[in-house]
Amino acid sequence: MRYDFTDYVLIVAGAVTRVAVYALLALPAALVVVLSFTSGETMDFPPAGFSMQWYQKAFESEPFMSALWTSTYVAVIVAIAALVIGFAAAFAINRFDFPGKGLLQALAFSPLIVPAVVLGIGLLYLFAWMNLIQTMFPLFAGHLVLAIPYVVRTVLASLTLHNRVLEEAAMNLRASPLRVVRRITLPLILPGLLSAAIFAFVTSFGNVTVSVFLTYGGNVTLPVQLFTYLDHSYNPLVAAVSSIMIFVTLAVILTIERLIGAETLS
Amino acid sequence: MVPAIGVLRYSFLDGDYLLDGHGFTLRHYLRFFSDTYYSSVLWDTFVDGLVVSLICLLIGFPVGYSLARLPPLARRWRTIIVIMPLTLSLVVIVFGWLIVLGRNGLLNSVLVNLGIISSPKTFLFARPAVILVLVQQFLPFMILSVMSVVTQIDPVLEHAASNLRANRLVTFRRVIIPLATPGILVGFNLVFVLSISAFITPRLIGGNRVPMLGSLIYERIMSEFNWPSGAAMAFILFVAGLGFTAAFNALAASRFVRGGRHAL
């Protein structure tokens, strides 16, 4: 290729933008992790020195630890439920023709039609009307609505890619349909299923925009706890708690990357 | 969809507290549209959404394009950096920005040490800060939309253009942009709808100084407990988002046809 002047301008501008964008994207999380190890009492930059004291304080803090427990508990249940429902939906979309299939597919592929605020408020009103607002159901419902589309998409991608011939072979050997699904289909798409479940977990684990409307005194999740805390003040304790969330999220992304490649998440 | 319908129903209740009230009234909508404060917030929210989407497009396009053209190995770590803010809890990201932009934060400390400013400035509680943080949050959506559409453009087309002595700018304008338009519109639409419904960021970064529709709704419901009024505002937001999405889809449909002809 021959380059002229505008080519060079574009190449340089492109490279500068790319570096700036990657730095911008990584900056907040990186800074939180750095400052969580500070030995000082404030969030000033640069940090005063290295210490693990804020992690120790975080693990001793009752509100944060009970919120961490709630978040984990909710996220595990949401991941399992979303996987079951999402797999059923994806399997149906992939294998059968039924009335409303187009609608189901459209729903699975456009989770962002309803803004989070509207979803949160709507569920709040719905469960208040049913007198269930002081329970965990609103939180489960809200997170499931967010997580299921991702599960459907990931599982659908795995189902479309995997080779149907093996299933046909099993059926020729007179395996029952249930047995085929259990012994052939599920093991073959296991990486996709695992990634979907893990992603459902992290969606629920990190969500704040919907959760904030659906929590009450007894079931505050970690992000909501952080949000209410940040509304008043912030200190290195929050940085330590946030860093725990960052480590969990990073571990999840790396796991999914190993399983099926990170691009599937988009 | 059920929550949206529920929101619609409650927005017509005539009470001002929780689920009190009954009957049917347009009072909350009338109040919203007659008070100039609300219309100015609505307008500001739309302008912010537009600015955020434009910046995301401008800086996100080169990144999405290069990601699509990179070999898989080089793509890996970059993709992880792009996906991280999407997966990480929003509060953690906003918290990170509070430390960057705070009075004794990273930005002030760098600027003071470089001698650009003499004493720390207040960056928080201002509109530019809110826009910056919204851009960082929603940029991945734009990058990924552009990436997915560019992956489908055959690099052969670009080589052909350069063989015909088009420089990069011409190739970009006449080949890539027309073909990538559907992805650009999808990304733009996503970022816009997400920005106008944001409430965590305006609240924590902007405080009371930068009211946006989302943060008003949040306060109305969680602090004032005026659920019917909050529902009316949420429904306005919902309809605005749907309206913009429909407009973008229409635009995408017409643009797509023209783009196809350009490429041929």
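Residues numbered from 1 in each chain as written. Chains lettered and ligands numbered in written order. Predicted model: local features only at pLDDT ≥ 70, side-chain atom pairs only at ≥ 80, totals over all residues. Heavy atoms only, no water.

1. Topic: the packing of helix 6 (residues 137–161) of chain A against helix 9 (residues 190–206) of chain A
Residues and elements named next belong to chain A.
- Axis separation between helix 6 and helix 9 bottoms out at 9 Å; the angle between their running directions is 160°. As judged from the angle between their axes, helix 6 and helix 9 are roughly antiparallel. Once helix 6 is placed against helix 9, the crossing between them reads as right-handed. Residue-level contacts link H143, L146, A147, Y150, V151, T154, V155 and S158 of helix 6 to G192, L193, S195, A196, F199, A200, T203 and S204 of helix 9. (Axes fitted to C-alpha atoms, helices over the stretch in contact; angles between N-to-C directions. Helix = DSSP H or I, 4+ residues; strand = E, 2+ residues; numbered from the N terminus. Parallel < 35°, antiparallel > 145°, perpendicular 65-115°, else oblique. Left-handed = near helix turned anticlockwise from the far one by under 90°. Contact = heavy atoms within 4.5 Å.)

2. A closer look at the pattern of salt bridges
Residue and element names in this part refer to chain B.
- On inspection of all chains with the given rule, the structure shows seven salt bridges over all chains.
- Note that D48 and R127 form a salt bridge whose closest N and O atoms lie 2.4 Å from each other. One end of the pair, D48, is in helix 3 (residues 36–69); the other, R127, is in helix 7 (residues 127–151), and 79 residues separate them in sequence.
- We classify R127 as partly exposed; its relative accessible area is 25%.
- When the shortest N-O distance is used, the salt bridge between E219 and R203 registers 3.1 Å. Separated by 16 residues along the polypeptide, E219 in helix 11 (residues 213–222) and R203 in helix 10 (residues 200–206) bring together distant segments of the chain.
- The class for R203 is buried, based on a relative accessible area of 18%. (Salt bridge = Lys/Arg side-chain N within 4 Å of Asp/Glu carboxyl O. Buried < 20%, exposed > 50% of the residue type's maximum accessible area, 1.4 Å probe, protein only.)

3. So, unusual backbone geometry
- One non-glycine residue, A:N131, adopts positive backbone phi at about 60°.
- With respect to the helices and strands, the residue A:N131 is situated in the loop between helix 5 (116–129) and helix 6.
- Non-glycine residue B:F225 carries a positive phi angle of around 55°.
- Examined against the element boundaries, B:F225 turns out to sit in the loop between helix 11 and helix 12 (227–263).

4. Looking at the environment of A:T42
Residues and elements named next belong to chain A.
- As for its position among the elements, T42 is in the loop between helix 1 (5–36) and helix 2 (53–60).
- In this structure T42 comes out as partly exposed when scored by relative accessible area, which is 42%.
- Along the chain, T42 and R183 lie 141 residues apart, while their C-alpha atoms are 56 Å from each other.

5. Examining the interface of chain A and chain B
- Contacts between chain A and chain B engage 69 residues on the former and 74 residues on the latter.
- Both faces combined, the contact of chain A with chain B buries some 6,400 Å², and carbon together with sulfur accounts for 80% of it.
- Among the residues chain A hides against chain B, the three largest losses belong to A:Y22, A:L25 and A:Y125. Together they make up 12% of the total.
- Across the salt bridge formed by B:R76 and A:E257, the nearest N and O atoms sit 3.0 Å from each other.
- Our count for the chain A to chain B interface comes out at four residue pairs in polar contact (both at pLDDT 80 or more).
- Counting only elements with at least two residues in the side of chain A that touches chain B, the list comes to helix 1, helix 5, helix 9, helix 10 (211–214), helix 11 (222–232) and helix 12 (236–260) of chain A.
- Counting residues per element, the side of chain A that touches chain B draws most heavily on helix 1 of chain A, at 17 residues.
- When its residues are assigned to classes, the side of chain A that touches chain B shows 51 nonpolar, nine polar and nine charged. (Buried area = accessible area lost by both parts, 1.4 Å probe. Polar contact = N/O pair within 3.5 Å; in protein donor to acceptor, adjacent residues only side chain to side chain. Nonpolar A, V, L, I, M, F, W, Y, C, P; charged D, E, K, R; others polar.)

6. Thoughts on the packing of aromatic side chains
- Considering all chains together, one arrives at 22 aromatic pairs over all chains under this definition.
- Geometrically, the ring pair formed by A:F64 and A:Y229 is tilted, given 5.4 Å between the ring centres and 55° between the ring planes. Note that A:F64 is positioned in helix 3 (residues 62–95) and A:Y229 in helix 11, a separation of 165 residues in sequence.
- With a relative accessible area of 2%, A:F64 lands in the buried category.
- With relative accessibility at 25%, the residue A:Y229 sits in the partly exposed group.
- For the pair B:F61 and B:Y65, a centre-to-centre distance of 6.5 Å together with 10° between the ring planes defines the contact as stacked. Note that B:F61 and B:Y65 are positioned in helix 3 at a spacing of four residues, about one turn of the helix. (Phe/Tyr/Trp six-rings, centres within 6.5 Å; stacked < 30°, edge-to-face > 60°.)

7. Looking at a nonpolar patch on the surface
Residue and element names in this part refer to chain A.
- On the surface, V76, I80, V84 and I85 cluster together into a nonpolar patch covering about 350 Å² of accessible area.
- With respect to the helices and strands, the residue V84 is situated in helix 3.
- On the accessibility criterion, V84 (56% relative accessible area) is exposed. (Patch = residues over 30% accessible without salt bridge, like charges linked within 9 Å, V, L, I, M, F, W, Y side chains within 5 Å. Areas by Shrake-Rupley, 256 points an atom, 1.4 Å probe, with all protein chains shown as cover.)

8. Focus: the nonpolar core
- Among the nonpolar cores identified, the biggest contains 152 residues, and A:V155, A:F213, B:F95, B:I205 and B:I217 are the most heavily contacted of them.
- Sorting elements by how many residues they give to this core places helix 7 of chain B first, with 16 residues.
- Discounting residues that sit within four places of it in the chain, B:I217 has contacts with A:V117, A:I121, B:G230, B:M233, B:A234 and B:L237. (Core = buried A, V, L, I, M, F, W, Y, C linked by side-chain atoms within 4.5 Å.)

9. Things to note about empty space enclosed by the protein
- Using the criterion set out here, one finds one cavity of 30 Å³ or more in the structure.
- Put simply, the largest cavity is a space of about 40 Å³.
- Looking at the lining of the largest cavity, the elements with two or more residues in it are helix 1 of chain A together with helix 4 (72–87) of chain B.
- For the lining of the largest cavity, the leading source of residues is helix 1 of chain A, giving three residues.
- In the lining of the largest cavity, the residues fall into seven nonpolar, one polar and no charged. (1 Å grid on protein atoms, 1.4 Å probe; cavity = no way out; pocket = protein on both sides within 12 Å on 5 of 7 lines; lining within 4 Å. Points joined across faces, edges and corners; volume = space filled by probe spheres on them.)

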